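Listed here are the chains, written in short residue letters.
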Amino acid sequence: MDSSVHLDNVVMNFGDFTAVQKTDLKIESGEFFSFLGPSGCGKTTILNMISGFLEPSKGVVKIGGKSMAGVPANKRPTSMIFQNLALFPLMTVAENIEFGLEVRGVSKAERKKTSDRLLELVALEGSGSKKPDELSGGQKQRIAIARALAVEPQVLLLDEPLSALDLKLRQHMRTELKEIQRKTGITFIYITHDQGEALTMSDRVAVMSAGKLQQVADPITLYREPQTSFVASFVGENNPITGVVDAIDGNLVTLNCGVLGKFTGRGIGTISKGQSATLFIRPELLKLGQTGDMSFTARIAEVNFEGSYLTLTALLNQQHAISVQIGAEQYTADLIPDAEIQLSFASQDAVVIAGEGNV
Ligand SMILES: Nc1ncnc2c1ncn2[C@@H]1O[C@H](COP(=O)(O)OP(=O)(O)OP(=O)(O)O)[C@@H](O)[C@H]1O
Ligand SMILES: [Mg+2]
């Protein structure tokens, strides 16, 4: 079955405010797709256009190739799990799961079959007769998923479904959600402002900022090949160093960063000599000593032991803080505040993006 979702040049305006700028995006059948971006960037608005709670101001949403224009939410092949889920507190777990089927006039025997199967899917078999307040936060979340799946949606829309859970449970639920998606083969469209969630679960991620898609790619590509300064800064940790383009040699761009020195990295997109640009180097790609072709000295400001690794904050030319991550096994007693260290990176490991790096 085709359960792809196509945002065909959609725009969402609220009065004269544009919450979602013109977006053309196809989410494939059976894909685990996430929208990642800060609060207010338009994630829920996109989900509401897919579910039918909002009609786009321009363009059209297509599900399975069919236009959803004018199709109300309850007639769309979608199911939504909300940011603040609410199970019906007076109903049992099984009644909660069966609710959507009962509304549709499905027989009691059929409903029971479905809720038994779904309870097994979310690993809560035997809990059907419990009340929601007898369940933990993670268990409630799994019941909300089972309830959304009961009506056999082609597309499951999840709006920050884990935000109310504590860190440990959130991490555990990532694995569970991914597993449920794999078992059901349903298209999952997941919204989060937590990059860890987006990167660990998704086949592809769309990074959004201020109503605009910044980049759509698989997690590794997003991390290694950010196309905009926003993506470079928002996805993972990064150290920006801004300067003026001094030289371009093949894919390598050298920046003159004034008193901080000259640095070279891989150029992304269009960059010309003389313009402002920013080099981004990840903390874990900075090495102690002189192993990469870009090397420089810095003074340690802070050392933080994080267990399996250490984070050093070092100052370049007494002023520009950069963060360096090294394995705990590389720790030596001379890594203390005020010590001067040699750092290096491989120019191929850094990216250079036009602009001053403001996001
Ligand atoms: N019905 C509405 N009328 C007017 N403005 C709205 C409406 N719904 C959303 N907005 C605005 O559109 C923008 C995007 O809102 P949206 O809820 O999509 O953000 P979000 O990315 O889901 O944020 P969060 O992570 O905080 O949930 C916000 O600036 C919001 O104030
Ligand atoms: Mg939201």
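Refer to the structure above for everything that follows.
What counts, and where the lines are drawn
- Residues numbered from 1 in each chain as written.
- Chains lettered and ligands numbered in written order.
- Predicted model: local features only at pLDDT ≥ 70, side-chain atom pairs only at ≥ 80, totals over all residues.
- Heavy atoms only, no water.
- Helix = DSSP H or I, 4+ residues; strand = E, 2+ residues; numbered from the N terminus.
- Buried < 20%, exposed > 50% of the residue type's maximum accessible area, 1.4 Å probe, protein only.
- Contact = heavy atoms within 4.5 Å.
- Areas by Shrake-Rupley, 256 points an atom, 1.4 Å probe, with all protein chains shown as cover.
- Lys, Arg positive; Asp, Glu negative; His and termini not counted.
- Charge placed at Lys NZ, Arg CZ, Asp CG, Glu CD.
- Pairing = 2+ DSSP bridges.
- Axes fitted to C-alpha atoms, helices over the stretch in contact; angles between N-to-C directions.
- Phe/Tyr/Trp six-rings, centres within 6.5 Å; stacked < 30°, edge-to-face > 60°.
- Near = heavy atom within 4 Å.
- Polar contact = N/O pair within 3.5 Å; in protein donor to acceptor, adjacent residues only side chain to side chain.

Engineer: Residues and numbers for the overall build of the chain, please.
Structural biologist: In terms of helices and strands, the chain carries eight helices and 20 strands. Once the C-alpha set of the chain is aligned to its principal axes, its extents read approximately 75 × 50 × 35 Å. Across the 359 residues of the chain, 48% fall into the buried class. Considering only contacts within the chain whose residues lie at least 6 apart along the sequence, 67% involve residues at least 24 apart. About 16,700 Å² of surface is accessible on the chain, with carbon and sulfur atoms providing 50% of the total. Looking at the chain, you have 34 positive and 40 negative side-chain charges, and the mean spots of the two groups are 7 Å apart.

Engineer: Can you break down the sheet that holds strand 4 (residues 58-63) residue by residue, with the values?
Structural biologist: Overall, antiparallel pairing links the four strands, which are arranged 2-1-4-5 in an open sheet. With partners counted over all chains shown, the strands left at the sheet margins are strand 2 (17-27) and strand 5 (66-67), one partner each. As paired strands, strand 1 (residues 5-14) and strand 4 are joined by five bridges and run antiparallel to one another. In the strand pairing of strand 4, histidine 6 is matched with lysine 62. Seen against the sheet, helix 1 (residues 43-51) touches strand 1, strand 2 and strand 4 and runs at an angle of roughly 120° to strand 1.

Engineer: Explain the packing of aromatic side chains to me, using residue names and the numbers behind them.
Structural biologist: Summed over all chains, the structure comprises eight aromatic pairs. Taking 5.8 Å as the distance between ring centres and 45° as the angle between the ring planes, the aromatic pair formed by phenylalanine 32 and tyrosine 190 counts as tilted. Placement of phenylalanine 32 in strand 3 (residues 32-36) and of tyrosine 190 in strand 8 (residues 187-192) is noted, with a sequence separation of 158 residues between them. Neither phenylalanine 32 nor tyrosine 190 differs from the other in exposure class; each is buried. The interplanar angle of 20° and the centroid separation of 6.3 Å between the aromatic rings of phenylalanine 263 and phenylalanine 345 together place this pair among those described as stacked. Of this pair, phenylalanine 263 sits in strand 13 (residues 262-268) while phenylalanine 345 sits in strand 19 (residues 340-345), and the two are 82 residues apart along the sequence.

Engineer: Pulling in residues and values, what's your account of the environment of isoleucine 50?
Structural biologist: Mapped onto the fold, isoleucine 50 is located in helix 1. On the accessibility criterion, isoleucine 50 (0% relative accessible area) is buried. The spacing of isoleucine 50 and methionine 68 is 18 residues in sequence and 8.4 Å in space, taken between C-alpha atoms. When sequence neighbours within four positions are dropped, the list of residues in contact with isoleucine 50 reads Val5, Leu7, Val61, Ile63, Arg76, Thr78, Leu157 and Ile189.

Engineer: For the site of ligand 1, give the residues involved together with the corresponding values.
Structural biologist: Of all residues adjacent to ligand 1, which total 13 residues, the nearest are Ser39, Gly40, Lys43, Thr44 and Thr45. Contact distances for ligand 1 include 2.7 Å between an oxygen atom and a backbone N or O atom of glycine 40. Separating an oxygen atom of ligand 1 from a backbone N or O atom of glycine 42 is a distance of 3.0 Å. Protein coverage of the free-state accessible area of ligand 1, which is 640 Å², stands at 60%. Those elements that provide at least two residues to the shell around ligand 1 are strand 2 and helix 1. For the shell around ligand 1, the element with the most residues is helix 1, which contributes three residues.

By themselves these figures say nothing about function.
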